[in-house]
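For reference, the chains in residue letters:
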Amino acid sequence: MIELRHINKSFEGQSVLDDISVSFEQGRTNLVIGRSGSGKTVLLKCIVGLLEADSGDILYSGDCFSRMNRKEKQNIRQRFGMLFQGAALFDSLSVEENVRFKLDMFTRMTSREKKDRVNFCLERVNLSGKNRLFPSELSGGMKKRVAIARAIVMNPRYLFCDEPNSGLDPQTAIMIDKLIIDITREFNMTTIVNTHDLNSVMEIGENVVYIHEGKIWWQGTREEILETENPELSDFVFATKLVRQLKKLDDI
Amino acid sequence: MTLLQHIGRYTILIKRSLSRPESPRVYYRRLIREMEVLGINSTGIVAIISFFMGAVITIQTAYNTESPLFPAYLIGLAARDSILLEFSSTIVALILAGKVGSNIASEIGTMRVTEQIDALEIMGVNSAAYLILPKIVALMIIAPFLSVLSMAVGIVGGWIAGTTVGVVSTPDYIYGIQYAFIPYYITYSLIKSVVFAFIITTVSSYHGYYTRGGALEVGRSSTLAVVHSSVVILLFNLILTQLMLA
Ligand SMILES: Nc1ncnc2c1ncn2[C@@H]1O[C@H](COP(=O)(O)OP(=O)(O)O)[C@@H](O)[C@H]1O
Ligand SMILES: [Mg+2]
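Predicted model only: the values in this text are computed from it and were never measured.

### Description of the nonpolar core
Residues and elements named next belong to chain A. By size, the foremost hydrophobic cluster in this structure holds 80 residues, and its most contacted members are Ile2, Leu4, Tyr60 and Phe160. The residues touching phenylalanine 160, leaving out its near neighbours within four places in the chain, are Ile2, Leu44, Ile47, Val48, Tyr60, Phe80, Gly81, Met82, Leu83 and Ile192. With 47 residues, the next largest nonpolar core counts Ala87, Val125, Val193 and Ile204 among its residues.

### Topic: the site of ligand 1
All names here are of chain A. Surveying the vicinity of ligand 1 reveals the residues Phe11, Val16, Arg35, Ser36, Gly37, Ser38, Gly39, Lys40, Thr41 and Val42. Between serine 38 and ligand 1, the recorded distance is 3.3 Å, taken from a backbone N or O atom to an oxygen atom. Backbone polar atom of lysine 40 to an oxygen atom of ligand 1: 2.9 Å apart, as the coordinates give it. Considered on its own, ligand 1 offers 560 Å² of accessible surface; in the complex 61% of this is hidden by protein. No other element matches the 3 residues that helix α1 (residues 40–48) contributes to the shell around ligand 1. A breakdown of the residues in the shell around ligand 1 according to their chemical character gives 3 nonpolar, 5 polar and 2 charged.

### Regarding helix α6 (residues 127–165) of chain B
Because each turn of an α-helix spans 3.6 residues, side chains separated by three or four positions end up pointing in the same direction. Residue and element names in this part refer to chain B. Counted at 1.5 Å a residue, the expected span for α6 with its 39 residues is 57 Å, and the 54 Å between its end C-alpha atoms agrees. The largest bend in α6 comes to about 30°, at alanine 143, with the proline proline 144 one to four residues further on. Just downstream of α6 lies glycine 166, where phi reads positive at about 90°.

### A word on the sheet that holds strand β9 (residues 207–212) of chain A
Residue and element names in this part refer to chain A. Strand order in this open sheet of 6 strands is β6-β7-β8-β3-β9-β10, and the pairing throughout is mixed. Each edge of the sheet is formed by a strand with only one pairing partner; in this case those strands are β6 (80–83) and β10 (215–220). Taken over all neighbouring pairs, the strand axes of this sheet differ in orientation by 20° on average, direction set aside. The sheet contact formed by strand β3 (residues 29–33) and strand β8 (residues 190–195) spans 5 bridges and is parallel. Bridged to threonine 29 within β8 is threonine 191.

### Focus on the interface of chain A and chain B
With 24 residues of chain A at the contact, the number on the chain B side is 21 residues. Interface area, chain A with chain B, both sides summed: about 1800 Å², of which 61% is carbon and sulfur. Across the contact surface, chain A and chain B share 3 salt bridges. Residue aspartate 118 of chain B pairs with lysine 45 of chain A through a salt bridge whose shortest N-O separation is 3.4 Å. Looking at the side of chain A that touches chain B element by element, the count peaks at 6 residues for helix α3 (residues 95–106) of chain A. Its residues assigned to classes, the side of chain A that touches chain B shows 11 nonpolar, 5 polar and 8 charged.

### Some details on the sheet that holds strand β1 (residues 2–11) of chain A
Strand pairs in the sheet, formed through backbone hydrogen bonds, run parallel or antiparallel to each other. All names here are of chain A. Strand order in the open sheet made by the 4 strands is β2-β1-β4-β5, with antiparallel pairing throughout. Strands with a single pairing partner mark the edges of an open sheet, and in this sheet they are β2 (14–24) and β5 (63–64). Of the pairings in the sheet, the one linking β1 to β2 comprises 7 bridges and is antiparallel in character. The partner of phenylalanine 11 across the bridge, within β2, is glutamine 14.

### Description of helix α1 (residues 3–17) of chain B
In this model α1 of chain B runs 21 Å from its N-terminal to its C-terminal C-alpha over 15 residues, within 8% of the 21 Å that 1.5 Å per residue would give. Contact partners of the buried residues in α1 of chain B: α6 and α8 (184–209) of chain B.

### Focus on the side chain of glutamate 206 of chain A
All names here are of chain A. Relative to the assigned elements, glutamate 206 resides in the loop between α7 (198–204) and β9. A polar side-chain atom of glutamate 206 sits 3.1 Å from a polar atom in the side chain of arginine 185. Excluding residues that lie within four positions of it along the chain, glutamate 206 makes contacts with Arg28, Thr29, Ile181, Arg185, Gly220 and Thr221.

### Points about the packing of aromatic side chains
Residue and element names in this part refer to chain A. Counted by the stated rule, this structure contains 16 aromatic pairs over all chains. Aromatic pair tyrosine 60 and phenylalanine 80: ring centres 5.3 Å apart, planes at 45°, arrangement tilted. Pair noted here: tyrosine 60 is in strand β4 (residues 55–60) and phenylalanine 80 is in strand β6, with a separation of 20 residues, a long-range link. One exposure class covers both tyrosine 60 and phenylalanine 80, and it is buried. Measuring from centroid to centroid gives 5.1 Å for phenylalanine 80 and phenylalanine 160, while their planes differ by 80°, and the two rings are edge-to-face.

Parameters at a glance
- Residues numbered from 1 in each chain as written.
- Chains lettered and ligands numbered in written order.
- Predicted model: local features only at pLDDT ≥ 70, side-chain atom pairs only at ≥ 80, totals over all residues.
- Heavy atoms only, no water.
- Core = buried A, V, L, I, M, F, W, Y, C linked by side-chain atoms within 4.5 Å.
- Buried < 20%, exposed > 50% of the residue type's maximum accessible area, 1.4 Å probe, protein only.
- Contact = heavy atoms within 4.5 Å.
- Near = heavy atom within 4 Å.
- Polar contact = N/O pair within 3.5 Å; in protein donor to acceptor, adjacent residues only side chain to side chain.
- Areas by Shrake-Rupley, 256 points an atom, 1.4 Å probe, with all protein chains shown as cover.
- Helix = DSSP H or I, 4+ residues; strand = E, 2+ residues; numbered from the N terminus.
- Nonpolar A, V, L, I, M, F, W, Y, C, P; charged D, E, K, R; others polar.
- Expected span 1.5 Å × (residues − 1).
- Bend = angle between axes of the 7 residues up to and from the residue.
- Pairing = 2+ DSSP bridges.
- Axes fitted to C-alpha atoms, helices over the stretch in contact; angles between N-to-C directions.
- Buried area = accessible area lost by both parts, 1.4 Å probe.
- Salt bridge = Lys/Arg side-chain N within 4 Å of Asp/Glu carboxyl O.
- Phe/Tyr/Trp six-rings, centres within 6.5 Å; stacked < 30°, edge-to-face > 60°.

Read these as layout, nothing more, since geometry by itself doesn't imply function.
Below is the structure:
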């Protein structure tokens, strides 16, 4: 479980996150939704420690990140898996080397064990046999899948995904979403997914947090979203014709 | 940002990159690769530039000293000393600043804007040490060899050009390059090349590491890396010359 308590963050006096308090449960896919520029990426980067919040606490399974020493921080980070918006694969390394990277850096596994683990992860994301390709030879969806394989190679407890299906066609996007939710259950991780894609919300939104102007505006499940009376959330959700149709069908 | 802020941030980055590797094996592999990319791949350009440099120095010296009072072997001597003292370290460093500096800044800059550096940090890897340390060490190891290569090729270039144009005879040239030879000049030159290697890799890495934005900014960082490395090299050339030859 990850708990945020009164997180504030501003850039050059411009407030981006304003007193965010929320908890994300284990074994679930938690969605953070909001418009482009609403602060989703900044929030995620604060949670993982790539950005430092101006104030507030972040607790991982009850342990406060800001009170950890260097070693403890390092240890908790090794339990993180993160999926970046552009996949962020290492260009100069092959698919296999990308997935193996953390094992090379932090474990004393033999090359046989590493190979097995890498193949297991690649198989899990349906990319068996692509070991020798380089990132520049992969499609967008394949890159995302390699990034997922890389994220889960050391059995993370926490998985963070920033717009995992941006730039993908709807079918590939759904496949990535499904993969994330399946893996979350399989490994009992605490997963946080940033998205502005309503398909994802409907597909995997077990716990949805809506942020708007740096504040938490609404929280609930995907079923509750369609019933919402919250005007800002309505504007966001019912911006597309498709969802408006969906609501009509629902009302009948 | 002011110059002082840049220097502060640079110092912190370099300090962070000079820390103990998480996995010595991985660093060793990267070191070998960087020695190849930064060093071995630069031998061609260093050799070409040095050849023509040696040639031009010899011919110019000859034409500027056309006097019966001036013994012909002094052409070889003058060419040798300019090559050893200045050209093989400083000019080669400036060339490397252009080639290696832009290469480093654009590589690290691209990794920054595509979030690859964030990906390293998330994994708990010290990204500064992982990316920068192997480059610093690699170029510092290779630079003296490039320097020696440059000296040799430069002197051969001078000989070929001098004899071809007919301004100096082979015996005179060879006598000249051996005459009043001071071995310390080579030490001096090699020390300079190591310092310059450190400057090129660290300044360029700094510009790459703190790139913010997209492809356009990566290009800008790359340009700044070359310009700033070159200026710092010239500054340190002055300081080192004063310290070591005075
Ligand atoms: N490093 C930064 N420096 C200054 N402003 C930033 C920085 N990162 C993000 N911002 C600002 O924070 C706001 C939220 O950005 P972001 O979290 O990326 O939005 P999104 O919800 O689309 O992911 C934007 O207005 C952006 O301009
Ligand atoms: Mg974003």
